[in-house]
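Structural description and commentary
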Amino acid sequence: MNLTKLFEAQKALDERITKEKGLHGQDLLHKKILAFNAELMECANEWRGFKYWSEDQEPRTSFIHECPDCVEGSGWAYQNVEIEGPEGLDYHSVGFKCPTCKGTGGAGETNPLLEEYADVVHFALSLNLYVWNGNPGTVNAMPRVFDTIEQQFIEIGGEAYKLYENADVFMHSGLLLANVLGLGQVLGFTEDQIEAAYFAKNRTNHKRQATGY
Ligand SMILES: O=c1ccn([C@H]2C[C@H](O)[C@@H](COP(=O)(O)OP(=O)(O)OP(=O)(O)O)O2)c(=O)[nH]1
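Residues numbered from 1 in each chain as written. Predicted model: local features only at pLDDT ≥ 70, side-chain atom pairs only at ≥ 80, totals over all residues. Heavy atoms only, no water.

The chain is annotated in an unreviewed UniProt entry as dUTP diphosphatase of Bhargavaea changchunensis.

Okay, here's the thing in C-alpha cells:
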C-alpha cells in the first residue's frame, strides 16, 4: 500500500478542516481518539461477526440503493396528466418506466463495511499525523494481524488508548496504523479496494467542507 500517497491526502484534508473550522492551536487529541473509536465500532457493527446472540452475523458488504426518482424502488414513476374527456378536463396518474434508473429501481451498490473501514483509515492516518506533528512518521507500517477478528478490533482500540495515556506515542501510533492495515486484510479487502475507498471518501470529505458540512 502506498501510504505516502494516503498520508499526503490526509494531511491536506486535516489542514483544510483545521483552517476552515478555525481549530488552529487547539488540542484535538481526545476528540480524534474518540472519533477514531466511534468509526472503529461502526466498522465492527457492519462486520457483525461478534453478534453471537444473533442469527445474522454476516458482514454488510453490499447495499443496493433505491432509485430516488421512482416509487419505492419499483422502477416506475408517475406523472399527472390532464385529459380532455366528454365531461371536461380530467386528471390521470400515468405510470412510465423511470428514466433515472431505466426501470431497474436501483441506484447503485455500495459496500457499508468497506466505507466504514475507509473512515477508520482516515482517523488512523490523522492520528498519526497529529502525534508526529504533521509528518507522516510511519509510512512503512506493515499489516499486523491477530488470531481472531475480535482481537483485531480490540487490539486496535488498545493502541488508541495508549495514545490517550500518552504512552510512547510514536511507537503506538505506528502500531495503531499497522493494526488498522491488518484489519483491512482480515476483513478481506485488497489494497486497491482500500485505496479506492479511501480516496472516494476523502473527496467526499473535501466536498462536505466546501458545502459547509
Ligand atoms: O480531522 C479530521 C476530521 C474528520 N475526518 C474525516 C474522517 C471521516 O472520513 C470523516 C468523518 O466521519 P463521517 O463521514 O462518518 O462523519 P460523521 O459526521 O460521523 O457522519 P454522519 O453525519 O453520517 O454521522 O471525516 C478527517 O479525515 N480528519
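Within the chain one finds six helices and four strands. Reading the chain from its N end, one meets helices and strands in the order α-α-β-β-β-β-α-α-α-α. The C-alpha atoms of the chain give a radius of gyration of 23 Å, which is well past the 17 Å a tight globule of 213 residues would have. C-alpha atoms of the chain, sized along the principal axes, occupy 85 × 45 × 30 Å. Of all 213 residues assigned to the chain, the portion counted as buried reaches 37%. Intrachain contacts of the chain at a sequence separation of at least 6 include 73% that bridge at least 24 residues. For the chain, the accessible area works out to roughly 12600 Å², and carbon and sulfur atoms hold 52% of it. Each charge class in the chain can be summarised by its mean position, and for the 18 positive and 31 negative side chains these summaries are 7 Å apart. (Helix = DSSP H or I, 4+ residues; strand = E, 2+ residues; numbered from the N terminus. Rg over C-alpha atoms; globule rule 2.2 N^0.38 Å. Buried < 20%, exposed > 50% of the residue type's maximum accessible area, 1.4 Å probe, protein only. Contact = heavy atoms within 4.5 Å. Areas by Shrake-Rupley, 256 points an atom, 1.4 Å probe, with all protein chains shown as cover. Lys, Arg positive; Asp, Glu negative; His and termini not counted. Charge placed at Lys NZ, Arg CZ, Asp CG, Glu CD.)

If you add up the space inside the largest pocket, you get close to 570 Å³. In this structure, the largest pocket is lined by 22 residues; those nearest its centre are Ile17, Ala35, Phe123, Asn205 and Gln209. A per-class count over the lining of the largest pocket returns seven nonpolar, six polar and nine charged. As a volume, the second largest pocket reaches approximately 390 Å³. Taken together, 16 residues form the lining of the second largest pocket, with Asp14, Glu15, Thr18, Tyr130 and Gly134 sitting closest to its centre. Of all the elements in the fold, those that place two or more residues in the lining of the second largest pocket are helix H1 (3–20) and helix H3 (112–131). Take the lining of the second largest pocket: its biggest share by element is five residues, from H1. For the lining of the second largest pocket, the per-class residue count stands at four nonpolar, seven polar and five charged. (1 Å grid on protein atoms, 1.4 Å probe; cavity = no way out; pocket = protein on both sides within 12 Å on 5 of 7 lines; lining within 4 Å. Points joined across faces, edges and corners; volume = space filled by probe spheres on them. Nonpolar A, V, L, I, M, F, W, Y, C, P; charged D, E, K, R; others polar.)

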